[in-house]
Structure formats: structure tokens, C-alpha cells
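Residue-level structural notes
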Amino acid sequence: MARKSGGEPEKDNSERWLLTYSDLITLLMIFFVVMYSMSKVDADKFQAMAESLSITLGGASTAQVEIGTSPAGPNLIETYPTKTPEPSGDTLEEGKGAGTGNADIENMTIESIKQKLDKFAFDNQIETKLVSSIEERGLVISIQDTLLFESGSAVITPRAREILEKINNVLASAPNYIKVEGHTDDLPINTDRFPSNWELSVLRATNVLHIMQERIPAEQLSATGYGEFRPVTTNDNEINRARNRRVDLVILRSKYDLTEPGQSLEADPTSGTPPTPSNNQ
């Protein structure tokens, strides 16, 4: 073997290319493993996404989601195992039909209702008095009392009736339970008609319910009065008191159906027939 002038043997570098080759092979293997893992699509998630997009865009579902033609049944989204889609002519097509337990589609539908109501409020310049929000229990539509009633009164004004009828057009195609909740501020009231805020809040909620019943089946509706005891903010100034004086429309998520009175806890989830809501006014 040749030696350097300093007397040290010269190293043989003829196989150094093997190191580069092995590194290249390793990198290629990692690359193809990553590409393979990215190409694996979860079929169930893809199907749910496709159905959600189809419903949101106003088209028929791509799978087994039935678009109903009447607001009967308690679920915003109800799955039927073997039926094919049917078109709906209602204002809120995406609110009909659908599947129990399909949280993704239900959330899309709730969001769609919210967007329609927000647009209605904006177009009519009442966005500060008609506010919708998505909560754990469902969609809450909060309407300030000044949009519905005269001060200290439970009589719905003609303008308020028009607004409620517009809201009805959006909600009529969603067959979920709807709770109508009346609220007041903490200023006491004591008249022959309303001995306390309890009576005022209950009657206001009931009067709103009667208008909603013109488009929505009574078995889906209930009315509750909370008086001043469920405020959304403190009652320390007039602005906050105005926020507390409200009527809330709560569209309950389908997971709360079995907590409603009259619901059967033994309902067969595979029967394809949704439970019939009870009259819980």
C-alpha cells in the first residue's frame, strides 16, 4: 500500500460511495412511507364531509341522508338506513332530514340557521337586538324585549309579529325541540296583571310561543319564565338591564331529545323512525 511522505499509510476511500447510497435509499424509503400514509383517506370522514358540503350548498346528500318534507320528528339531523334523498322546498332545506349522532352535520346545520338569522338581523338593522349564539345545548336566539313589547307589557307589537314570522320561516324546517324562555331585569313590577317579574316573563314567553305555533308543531315547543333570575350580565346600569330583558329561543341539539318529558328511553336507534316529541308546553 502506498504511503505518504510522512510515513503514514494512505486510507482506501474506494467504498465511500456506499455511505451516500445507503443514505439515499433511507431517505427514499422515508419519503414513500410518508406519501403512503398521506394517501390513506378515512372513508367515513370523507363521506361525512361530502354530505355536509352537499347539504350546506343546498343540494341533495351524497349518501343516506333524507331531506324530509315536514317538520315532524325531534332531530335537526336524522339518519335513515335505506331511504334516498328527497328534495325540500322549505326555507331551510339543510335543516330537514339528517342523522342522529352525526355531530358534524348537525353543527353545519346549526351554523347555517345562525347565518340566516344573522343576515336577517343585519338587513333589518336590528343586529344589536336580535343576537344568535351557539352554545352546548344548541342555538340560542336572544331577542331584546324592546323589539317585541312595550315597557311593562306582554302584548306583542305588530312589528314584532312580522319579525317572529320571519324567524318562523327559518326555524319551521328544523324539527328539533324549541324552548321559549322569558327573562326580565331585576327592577320589581307589581300590577294587577303582573304581581311579579315571574308572571311577566312567563306570559311574554307564552305569547311568543303562540306565534311560533302558527308554523311549528306545538309538540316541539315549550315556554318558560325565569323572571330576573337568569341574567346574562349584571343589572348595575340601564344598558345591562336592557340586555337582561329578553326572550330566548333555544333550538336544542338532538342529543338532548331523551331528556324531554315523554321521550322513550328504549327507542330503537336502528328502526329508522325518530321518536315522536311530546307536548311539553
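Here the structure is a predicted model, which is why all the values come from computation and not from measurement.

Looking only at helices and strands, the protein chain has six helices and five strands in total. Put simply, the protein chain has 281 residues, and 41% of those count as buried. A separation threshold of at least 6 residues defines the contact pool for the protein chain, and within that pool the share at least 24 residues apart is 64%. As displayed, the protein chain has an accessible area near 16100 Å², and 56% of this comes from carbon and sulfur atoms.

This part covers the confidence of the model for the protein chain. The pLDDT averaged across the protein chain works out to 78; a share of 65% of its residues lies at or above 70. The secondary-structure element of the protein chain with the lowest mean pLDDT is helix H2 (residues 43-56), recorded at 61, while strand E3 (residues 178-183) shows the highest, at 98. Scored below 50 in pLDDT, residues 59-101 makes 122 contacts in the model with residues more than four places away or belonging to other chains. Low pLDDT, under 50, characterises residues 277-281; the predicted model gives this stretch 23 contacts beyond four residues in sequence or across chains.

Glancing now at the nonpolar core. In terms of nonpolar packing, the biggest core is built from 33 residues, with Leu130, Leu171, Val208 and Leu249 touching the most fellow members. Elements represented by at least two residues in this core include exactly helix H3 (103-123), strand E2 (138-144), helix H4 (158-171), E3, helix H5 (197-212) and strand E5 (246-252). In terms of residue count, the dominant contributor to this core is H4 (six residues). Not counting chain neighbours up to four residues away, the residues in contact with Leu249 comprise Leu139, Val140, Ile141, Ile143, Ile167, Leu171, Lys179, Val180, Val208 and Met212.

By the definition in use, this model includes 15 salt bridges. Here Arg159 makes a salt bridge to Glu162, at a shortest N to O gap of 3.6 Å. Placement of both Arg159 and Glu162 in helix H4 is noted, with a separation of three residues, approximately one turn of the helix. The exposure class assigned to Arg159 is partly exposed, which follows from its relative accessible area of 40%. Among the charged side chains, a salt-bridge network with shared partners connects Asp145, Asp185, Arg204, Glu238 and Arg245.

Calculation notes
- The residue count restarts for each chain, going from 1 along the sequence in the order it is written.
- In keeping with the predicted nature of the model, local features appear solely for residues at pLDDT of at least 70, side-chain atom pairs appear and are counted solely at 80 or more, and the whole-chain, interface and lining totals rest on all residues.
- Hydrogens are left out, water is left out, and the side-chain values use all remaining heavy atoms of the structure.
- Runs of E in the DSSP output that reach at least two residues are strands. Runs of H or I that reach at least four are helices, and both are numbered from the N terminus.
- With a 1.4 Å probe rolled over the protein chains alone, any residue whose accessible area is under 20% of its type maximum counts as buried; one over 50% counts as exposed, and the rest are partly exposed.
- Contact criterion: two residues are considered in contact whenever any of their non-hydrogen atoms come within 4.5 Å of each other.
- Every accessible area reported is derived by Shrake-Rupley at a probe size of 1.4 Å, with residue values counting cover from the shown protein chains alone.
- Confidence of the predictor at the level of single residues is given by pLDDT, which spans 0 to 100.
- Side-chain atoms within 4.5 Å link the members of a nonpolar core, which is a set of buried Ala, Val, Leu, Ile, Met, Phe, Trp, Tyr and Cys residues.
- A pair is scored as a salt bridge if a Lys or Arg side-chain nitrogen falls within 4 Å of a carboxyl oxygen belonging to Asp or Glu.

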